[in-house]
Amino acid sequence: MKIILIGPPGAGKGTQAEKLATHWKTPRITTGDLFRQAVQNKTPMGLQVQGFLEKGALVPDDVVLGLMQERMSGPDCKSGFILDGFPRTVGQAIGLETWLKKTEMVLDAVVVIDVPEEEAVRRITGRRQCGACGSTYHLQFQPPRQDGICDKCKSLLVQRKDDEEKTVRHRLKVYAGETLPLIDFYKQRHLLRQVDGVQKPAEVFQTICSLIK
Ligand code: ADP
Ligand code: AMP
């Protein structure tokens, strides 16, 4: 399966990407995680993108496309992938389309997970992430068994800096301005599937599976 997940911050893309990747035994490629890793490791790209991440702004298209072409050229992506957080601009979508044509790969579907703005803010401000393995929790909707501790690896949970409310509001504006135009872009290519994200994670997952066969 070659799938793109689109949705505002907090829609549940990461949550669904994890489930879909397990279900289809296919790699999940999350641009946000790749950038955060680069920042943490202080690589040249990390130093270049750090300011964009902190402000909740988009990383320039040429940097994103360079990173993704390298990642998607990996042998694990030959039979499929789930793209979580990419593309986010029409420029990135055109870059991806050109690259897919060149490599003779064909997308199966682009899934848009819709949630209203206030729900997205509630989800993002309550999100906590494991500092070690990256597993995601929510203070109310998906709490860990032990407060502040990852169920899977027992490391401490932290709040992402860009998950504070002011930055989240800005990220939602960026989504509306830069990413929403992708809906028409993929509608024109008959790839778009829309899913109501205001359901339990398992229900969203079932809906996505029923739309992609
Ligand atoms: P995204 O990757 O789109 O930014 P996440 O998958 O990280 O979103 O989810 C954001 C937050 O909302 C996380 O804390 C997650 O636990 C929670 N969450 C995800 N899906 C749902 C859902 N269907 N209902 C309630 N909370 C959810
Ligand atoms: P996310 O983890 O998806 O919320 O992304 C976190 C941050 O990484 C974003 O606010 C951007 O700064 C950057 N980022 C992730 N994916 C992209 C992308 N496709 N294009 C530009 N910036 C991105």
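Residues numbered from 1 in each chain as written. Chains lettered and ligands numbered in written order. Predicted model: local features only at pLDDT ≥ 70, side-chain atom pairs only at ≥ 80, totals over all residues. Heavy atoms only, no water.

1. Some remarks on helix α7 (residues 165-179)
To be explicit about the condition: Only runs of H or I of at least four residues qualify as helices and only runs of E of at least two qualify as strands under DSSP, and these elements are numbered from the N terminus. Expected helix span is taken as 1.5 Å per residue step, with the number of steps being one fewer than the number of residues. To sort residues, take the accessible area from a 1.4 Å probe on protein chains only and compare it with the maximum for the residue type: under 20% means buried, over 50% means exposed, and anything in between is partly exposed. Picture the helix axis, draw a direction to every C-beta atom, and the arc is the one those directions span. Only heavy atoms matter for contacts: two residues are in contact if any of them lie within 4.5 Å across the pair.
For α7, with 15 residues, the first-to-last C-alpha span of 20 Å sits near the 21 Å given by 1.5 Å per residue. For α7, the full list of buried residues reads Thr167, Val168, Arg171, Leu172, Val174, Tyr175 and Thr179. Taken down its axis, α7 places every buried residue within 160° of arc, on the same side. Exposed and oriented more than 90 degrees from the buried face of α7 are Lys166 and Lys173. Buried residues along α7 sit in contact with β1 (2-6), α3 (44-55), β4 (109-114), α6 (117-125), β5 (127-130) and α8 (181-188).

2. Notes on the site of ligand 2
Our working definition: Only a single heavy atom is needed: when it lies within 4 Å of a molecule or strand, its residue is near that molecule or strand. For this analysis, a polar contact is any N or O atom pair within 3.5 Å, provided that within protein one partner can donate a hydrogen and the other can accept it, and provided that sequence-adjacent residues contribute only side-chain to side-chain pairs. Working definition of accessibility: Shrake-Rupley area with a 1.4 Å probe, residue cover restricted to the visible protein chains.
Taken together, 17 residues are adjacent to ligand 2, and Thr31, Ala57, Gly85, Arg88 and Gln92 come closest. Contact distances for ligand 2 include 2.9 Å between an oxygen atom and a side-chain N or O atom of Arg36. With respect to ligand 2, the backbone of Gly85 contributes an N or O atom lying 2.9 Å from a nitrogen atom. Here ligand 2, which alone exposes 480 Å², has 96% of that area covered by the protein.

3. Re the pairing of β4
Definition in use: The pairing criterion for strands is at least two bridges between them, as found by DSSP.
Most of β4 is tucked away: five of the six residues are buried. Two strands pair when backbone bridges link them, and β1 and β4 are joined in this way by four bridges, in the parallel orientation. Across the sheet, the residue bridging to Ile6 is Val112, located in β4. Strand direction decides the pairing type here: β4 and strand β8 (residues 192-196), joined by five bridges, are parallel. Paired with Val110 across the bridge in β8 is Leu192.

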